Amino acid sequence: MIDISVIVPLFNERESLPELCEWVDRVMKEHSFTYEMILVDDGSTDGSWECVKELAAANSNIHGIQFRRNYGKSAALYCGFERAEGGTVITMDADLQDSPDEIPELYRMINVDDYDVVSGWKQHRQDNKLTKNLPSKLYNATARMITGIKLHDMNCGLKAYKKEVIKSIEVYGEMHRYIPYLAKNAGYTKIGEKPVHHQKRKYGTSKFGLERFINGFLDLQSLWFLSTFGKKPMHFFGYSGLAVFFVGFVMTCWVIISKLVRQANGTDFRAVTDQPLFFLALLCIIIGVMLFLAGFIGEMIARSSGDRNNYNIKDRL
């Protein structure tokens, strides 16, 4: 059995690949690990695939997967996870900012400390403080609050997993940022963290801009909703619809009763349909009904889903 599978998603990283592969190979030999290195070319246009083929020809431990176009990091990780055979799976970026020297300790934490997932923590980032560090701190604080996982750097590319973890989750869209949360939702709750060395980018430029933080927040909301209400949408839409409907109903009663009381006392009053509050109340009632019906539709979709009874079983006797 292979000890470690190293999965490296890459996009236009031709210059760094030879150095990265040599570094990983040196670390593996120093610690007598059997390993495979899976380089997933996410539609590179700089000749990265030709470099991957040369490296694979020179080292039988190196394998490659090439996409016809750029699909994103999640797709690259998904295909890498699907192919991985090692008992411990390590993911890292191809830009040499993640150090392969961290691999032995990550391996120990998985196999000796028995963690399901170990995430790297770039304590001392070598990035621009204004465009990377500060947004990253805000993003990670939000992620900790929503997921309940106390990681300082949820999006760190350097992570280690038990093989069974990566075979039990599905990474899609841009959910690669939240693999620890996906693992937690699959029942793998022993999630650890290791401070790792972060190096300055040696070649090329970053492929991610500030929009990743906005996209990441939206993806987090989607993942939270799906994990909480994915199989019981009526619990969300039904309660929300009832609450909004109740507010609208109370406002309607208030407008009507207030008008009747004023009319009975002989004081000035306005017709119900002349009051803005009445139309706001009608809007609340309509929205409440629509949310409630959305819950019914969501429930029917959930009940007809092929994975409605797909559960992650830990053991059998």
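Before any of the text, the structure's been laid out above.
Pulling in residues and values, what's your account of the overall build of the protein?
A count of helical and extended segments in the protein gives 10 helices and 7 strands. For the protein, the proportion of its 317 residues judged to be buried stands at 45%. If you take every contact in the protein between residues at least 6 apart in sequence, the share linking residues at least 24 apart comes to 80%. About 17,300 Å² of surface is accessible on the protein, with carbon and sulfur atoms providing 58% of the total.

Describe the packing of aromatic side chains, naming the residues involved and giving the relevant values.
One pass over the structure, following the stated rule, counts 6 aromatic pairs. Arranged with centres 5.5 Å apart and planes meeting at 75 degrees, the rings of Phe278 and Phe279 form a pair that is edge-to-face. For Phe278, a relative accessible area of 14% corresponds to the buried category. Between Phe292 and Phe296, the aromatic rings sit 5.2 Å apart at their centres with planes inclined by 80 degrees, giving edge-to-face as the arrangement. Placement of the pair is Phe292 and Phe296 together in helix 10 (residues 276–303), with a separation of 4 residues, close to one helical turn. Residue classification places Phe292 among the partly exposed residues on the basis of a relative accessible area of 27%. On the accessibility criterion, Phe296 (42% relative accessible area) is partly exposed. The cationic tip of Lys190 hangs over the ring face of Tyr115; the distance from NZ or CZ to the ring centre is 5.4 Å.

Can you tell me about the environment of Glu50, naming the residues and giving the values?
Along the chain, Glu50 turns up in helix 2 (residues 48–58). Counting along the chain gives 36 residues from Glu50 to Arg14, while the straight-line C-alpha distance between them is 8.7 Å.

Outline the environment of Lys53, supporting the account with residue identities and numerical values.
Mapped onto the elements of the fold, Lys53 is located in helix 2. Assessed through its relative accessible area of 46%, Lys53 is described here as partly exposed. Measuring from C-alpha to C-alpha, the distance between Lys53 and His63 comes to 8.3 Å, with 10 residues separating the pair along the chain.

Let's hear about the pairing of strand 5 (residues 117–121): which residues, and what values?
Of all 5 residues making up strand 5, 4 are buried, and the element is well covered by its neighbours. Summarising the sheet, strand 5 and strand 7 (residues 191–195) pair through 5 bridges and their orientation is parallel. Bridge pairing in strand 7 links Val118 to Gly192.

Give me the packing of helix 1 (residues 17–30) against helix 2: which residues, what numbers.
The geometry of helix 1 relative to helix 2 is characterised by a closest axis approach of 10 Å and an angle of 30 degrees between their N-to-C directions. The orientation of helix 1 relative to helix 2 falls into the category roughly parallel. The chirality of how helix 1 crosses helix 2 is right-handed. Only Ser48, Cys51, Val52 and Leu55 of helix 2 make contact with helix 1, whose side of the interface consists of Leu17, Pro18 and Cys21. Across the contact of helix 1 with helix 2, the residue classes tally to 6 nonpolar, 1 polar and no charged.

Give a detailed account of the side chain of Ser48, specifying residues and quantitative values.
Mapped onto the secondary structure, Ser48 falls in helix 2. Looking at Ser48, its side chain comes within polar contact range of the main-chain nitrogen of Arg14, at 3.2 Å. Within polar-contact distance, the side chain of Ser48 engages the side chain of Asp46 at 2.6 Å. Once you skip the residues sitting within four places of it in the chain, Ser48 turns out to touch Leu10, Asn12, Glu13, Arg14, Leu17 and Asp41.

Which residues make up unusual backbone geometry, and what values go with them?
The residue Ser32 is not glycine, and still its phi comes out positive at about 55 degrees. Within the secondary structure, Ser32 sits in the loop between helix 1 and strand 2 (35–41). A positive phi angle, close to 65 degrees, is found at Asp114, a residue other than glycine. With respect to the helices and strands, Asp114 occurs in the loop between helix 4 (103–111) and strand 5. Take Asp114: its relative accessible area is 41%, and that puts it in the partly exposed class.

An account of the state of the cysteines is needed here, citing residue identities and associated values.
Across all of its chains, the model carries 0 disulfides by this definition. Among the cysteines around Cys51, which has no disulfide bond, Cys21 carries the closest sulfur, lying 7.2 Å off.

Please give an account of the sheet that holds strand 5 that cites residues and values.
With mixed pairing, the 7 strands of this open sheet are ordered in space as 3-2-1-4-6-5-7. Bordering the open sheet on either side are strand 3 (62–66) and strand 7, each of which pairs with just one other strand. The average undirected angle you get between the axes of adjacent strands in this sheet is 20 degrees. By the bridge criterion, 4 bridges tie strand 1 (residues 4–10) to strand 4 (residues 88–91) in an arrangement that is parallel. Across the sheet, Val6 pairs through a bridge with Ile90, a residue of strand 4. Across the sheet, helix 1 is in contact with strand 1, strand 2 and strand 3; its angle to strand 2 comes to roughly 160 degrees. Here helix 3 (residues 73–83) sits on the sheet and contacts strand 1, strand 2, strand 3, strand 4 and strand 6 (159–162); the angle it forms with strand 1, its principal contact strand, is near 155 degrees.

About the cut-offs
Residues numbered from 1 in each chain as written. Predicted model: local features only at pLDDT ≥ 70, side-chain atom pairs only at ≥ 80, totals over all residues. Heavy atoms only, no water. Helix = DSSP H or I, 4+ residues; strand = E, 2+ residues; numbered from the N terminus. Buried < 20%, exposed > 50% of the residue type's maximum accessible area, 1.4 Å probe, protein only. Contact = heavy atoms within 4.5 Å. Areas by Shrake-Rupley, 256 points an atom, 1.4 Å probe, with all protein chains shown as cover. Phe/Tyr/Trp six-rings, centres within 6.5 Å; stacked < 30°, edge-to-face > 60°. Lys NZ or Arg CZ within 6 Å of the ring centre and 35° of its normal. Pairing = 2+ DSSP bridges. Axes fitted to C-alpha atoms, helices over the stretch in contact; angles between N-to-C directions. Parallel < 35°, antiparallel > 145°, perpendicular 65-115°, else oblique. Left-handed = near helix turned anticlockwise from the far one by under 90°. Nonpolar A, V, L, I, M, F, W, Y, C, P; charged D, E, K, R; others polar. Polar contact = N/O pair within 3.5 Å; in protein donor to acceptor, adjacent residues only side chain to side chain. Disulfide = S-S within 2.5 Å.

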